[in-house]
Amino acid sequence: MITSKWDKRFMDLAKHIATWSKDKSTGVGSVIVNDKKKILSVGFNGNPRGVRDDVEERSKRPIKDYYVVHSERNAMDEAETSLVDATIYCTFFTCATCAHGIIQKGIKKVVAPEPDWNAERYAESQRHAMEMYKEAGVEVQFYTEPSETLIAFWEIGCGGGRVHDIITADKFTSYIDKYKMKKIAQGIKITRYNINDKLGVIEFFVGKEKKLYLHFGNYEVNKFIFTR
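Residues numbered from 1 in each chain as written. Predicted model: local features only at pLDDT ≥ 70, side-chain atom pairs only at ≥ 80, totals over all residues. Heavy atoms only, no water.

**Q** Help me understand the overall build of the chain, please; the structure alone is not making it clear to me.
**A** Helix and strand counts for the chain stand at seven helices and ten strands. Buried positions account for 39% of the 228 residues belonging to the chain. Across the chain, every contact between residues at least 6 apart in sequence was considered, and the portion connecting residues at least 24 apart equals 52%. A total of about 13700 Å² of accessible surface is found on the chain, and carbon and sulfur atoms cover 51% of it. (Helix = DSSP H or I, 4+ residues; strand = E, 2+ residues; numbered from the N terminus. Buried < 20%, exposed > 50% of the residue type's maximum accessible area, 1.4 Å probe, protein only. Contact = heavy atoms within 4.5 Å. Areas by Shrake-Rupley, 256 points an atom, 1.4 Å probe, with all protein chains shown as cover.)

Here is the structure:
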């Protein structure tokens, strides 16, 4: 899955919100947005309103787990509108209990860093969360920092693939716009485009019927195509 500039913006916001937490071990932040990229709610992990967070024993497990509300739960509880078909960005992959709420609220997508599936404390709960997401039809996107990802763009013709460029993922959208303007300058009347993440292709619509295709993918995964 490609990390877009909006993914980065919302994840950066979630990271900032995580700093508001008073948790002494791990601050976690969550941001919920709709399909128009409007922020619906935010949350961070901490004790419920009015419950003291300066009692030392409450900051240590197992007592801590009775008091702390996870960031995802706080974000969902604070929302003042429907979350159906929304996306939630989390700085830490969700536990099974938060997955219950995400599914019940009708949230359609979870974006979070991929967890350590062998971690002693959280892995079992996160594995069950992932299983529930798959069964409930909730999309999971594992977030990676754009600077860590190189994206290759290429066209496929009868002579094989031809690489156009290799860029960092944070320039993904701007590169597509640049490609579109280049084609328009060549006299190709592109009206709009659609990004198909699952197939790894951008569809450029020319008039009512014709399409142009620009393929993309993770460079480390696909570079063998270009070096053989």
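**Q** Which parts of the structure should I look at to understand helix α5 (residues 123-136)?
**A** Side chains of residues three or four places apart in an α-helix project in the same direction, reflecting 3.6 residues per turn. Between its first and last C-alpha, α5 extends 20 Å over 14 residues, near the 20 Å set by a 1.5 Å rise per residue. Every buried residue of α5 is accounted for by A123, Q126, A129, M130 and Y133. Angularly, the buried residues of α5 cover 115 degrees about the axis, an arc narrow enough to put them on a single face. Seen from the open side of α5, the exposed residues pointing more than 90 degrees away from its buried face are E124 and E135. On its buried side, α5 packs onto α4 (96-104), β4 (109-112) and β5 (139-142). Backbone geometry just downstream of α5 places G137 in the positive-phi region, at approximately 80 degrees. (Expected span 1.5 Å × (residues − 1). Arc of directions from axis to C-beta.)

**Q** I keep staring at helix α3 (residues 71-78) and nothing clicks. Help me out?
**A** For α3, the complete set of buried residues consists of S71, E72, N74, A75 and M76. In this structure, the buried side of α3 is in contact with β1 (29-33), β2 (39-44), β3 (87-90) and α4.

**Q** Is there a simple way to think about the pattern of salt bridges in this case?
**A** Side-chain pairing between opposite charges can occur once the charged atoms of the two side chains come close. For the structure shown, the criterion picks out ten salt bridges. Between E78 and R49 there is a salt bridge; the shortest N-O distance is 2.7 Å. Note that E78 is positioned in helix α3 and R49 in the loop between β2 and α2 (64-67), a separation of 29 residues in sequence. The residue K211 makes a salt bridge to E203 at a minimum N-O spacing of 3.9 Å. On the basis of relative accessibility, which here comes to 31%, the residue K211 falls in the partly exposed class. (Salt bridge = Lys/Arg side-chain N within 4 Å of Asp/Glu carboxyl O.)

**Q** Looking at this model, I keep getting lost on the sheet that holds β3. Mind explaining?
**A** With respect to topology, five strands assemble into an open sheet ordered β2-β1-β3-β4-β5, the strand pairing being mixed. Lying at the two open borders of the sheet, with one neighbouring strand each, are β2 and β5. Put simply, the sheet's adjacent strands are angled 15 degrees from each other on average, direction ignored. Pairing geometry for β3 and β4, over three bridges, is parallel. When the bridges of β4 are listed, I88 appears paired with V110. (Pairing = 2+ DSSP bridges. Axes fitted to C-alpha atoms, helices over the stretch in contact; angles between N-to-C directions.)

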